[in-house]
Amino acid sequence: ELVDTDLPDPTAVWVDGERLRLPAPTEPGTYSVQYQNKDSQEQKAAARVRIQVSPSEGAANVAPRPKPVTARTVAGTTLRIPIPLEGIDPDGD
């Protein structure tokens with residue numbers, strides 16, 4: 001769970017399993033997020049993450065290129081389609 005942050009929009013950050021997710025702020029700078037986790041015995045562990053946002057490189061920055069995904073399902077059913085996000089950004093940002 002999120003404990004504290006100095007991000008411009010604190011509602012935009014969330015914990016997703018073992019990952020901390022957030023859209024990059026538009027302003028370059030160093031930001032921090034503190035979160036904690038609790039196990040089944042109510043023991044807590046906390047961590048603070050510092051995030052460095054660099055200025056945009058303008059035209060030199062290439063947009064991510066998601067890989068094609070094909071899925072099939074039957075009418076009336078629900079299907080979860082995983083979209084791989086690793087390695088889709090040629091710039092690595």
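Analysis parameters
- Residues numbered from 1 in each chain as written.
- Predicted model: local features only at pLDDT ≥ 70, side-chain atom pairs only at ≥ 80, totals over all residues.
- Heavy atoms only, no water.
- Patch = residues over 30% accessible without salt bridge, like charges linked within 9 Å, V, L, I, M, F, W, Y side chains within 5 Å.
- Areas by Shrake-Rupley, 256 points an atom, 1.4 Å probe, with all protein chains shown as cover.
- Salt bridge = Lys/Arg side-chain N within 4 Å of Asp/Glu carboxyl O.
- Helix = DSSP H or I, 4+ residues; strand = E, 2+ residues; numbered from the N terminus.
- Pairing = 2+ DSSP bridges.
- Core = buried A, V, L, I, M, F, W, Y, C linked by side-chain atoms within 4.5 Å.
- Buried < 20%, exposed > 50% of the residue type's maximum accessible area, 1.4 Å probe, protein only.
- Contact = heavy atoms within 4.5 Å.
- pLDDT = per-residue confidence, 0-100.
- Axes fitted to C-alpha atoms, helices over the stretch in contact; angles between N-to-C directions.

## A short note on a nonpolar patch on the surface
Okay, step 1: The grouping of Val 69, Leu 79, Ile 81, Ile 83 and Leu 85 at the surface amounts to a nonpolar patch, some 430 Å² of accessible area in total.
Okay, step 2: Counting through the fold element by element, Leu 79 comes out in the segment after strand S5 (44-53).

## Focus on the pairing of S5
Working note: regular strand, side chains alternate between the two faces of the sheet.
Okay, step 1: With 10 bridges connecting them, strand S4 (residues 29-38) and S5 associate as antiparallel partners. In the sheet register, Lys 38 faces S5, and the bridge partner there is Lys 44.
Okay, step 2: The antiparallel pairing of S4 with S5 creates a hairpin that spans five residues between the two strands, and Glu 42 there sits at a positive phi of about 65°.

## Some details on the nonpolar core
Okay, step 1: Grouped together as the largest cluster of nonpolar side chains are six residues: Leu 7, Val 13, Tyr 31, Val 33, Ile 51 and Val 53.
Okay, step 2: The set of elements that each furnish at least two residues to this core consists of S4 and S5.
Okay, step 3: Those residues in contact with Val 13, other than ones at most four positions away along the chain, are Leu 2, Leu 7, Leu 20, Arg 21, Leu 22 and Val 33.

## Here's the deal with the environment of Asn 61
Okay, step 1: Position of Asn 61 among the secondary structure elements: in the segment after S5.
Okay, step 2: Taking relative accessible area as the criterion, Asn 61 reaches 29% and is therefore assigned partly exposed.
Okay, step 3: In sequence terms Asn 61 and Asp 89 are 28 residues apart; their C-alpha atoms lie 9.7 Å from each other.

## Re the confidence of the model for the protein
Okay, step 1: Mean pLDDT over the protein stands at 85; residues scoring 70 or higher make up 96%.
Okay, step 2: For the protein, strand S1 (residues 2-5) is the element with the lowest average pLDDT, namely 80, and S5 is the one with the highest, namely 88.

## Comments concerning the sheet that holds S4
Okay, step 1: Strand order in the open sheet formed by three strands is S1-S4-S5, with antiparallel pairing between adjacent strands. Edge positions in the sheet fall to S1 and S5, since each of these pairs with one other strand and no more. Between one strand axis and the next, the sheet turns through 20° on average, direction left out of account.
Okay, step 2: Pairing of S1 with S4 involves three bridges; the strand directions are antiparallel. Paired with Leu 2 across the bridge in S4 is Tyr 35.

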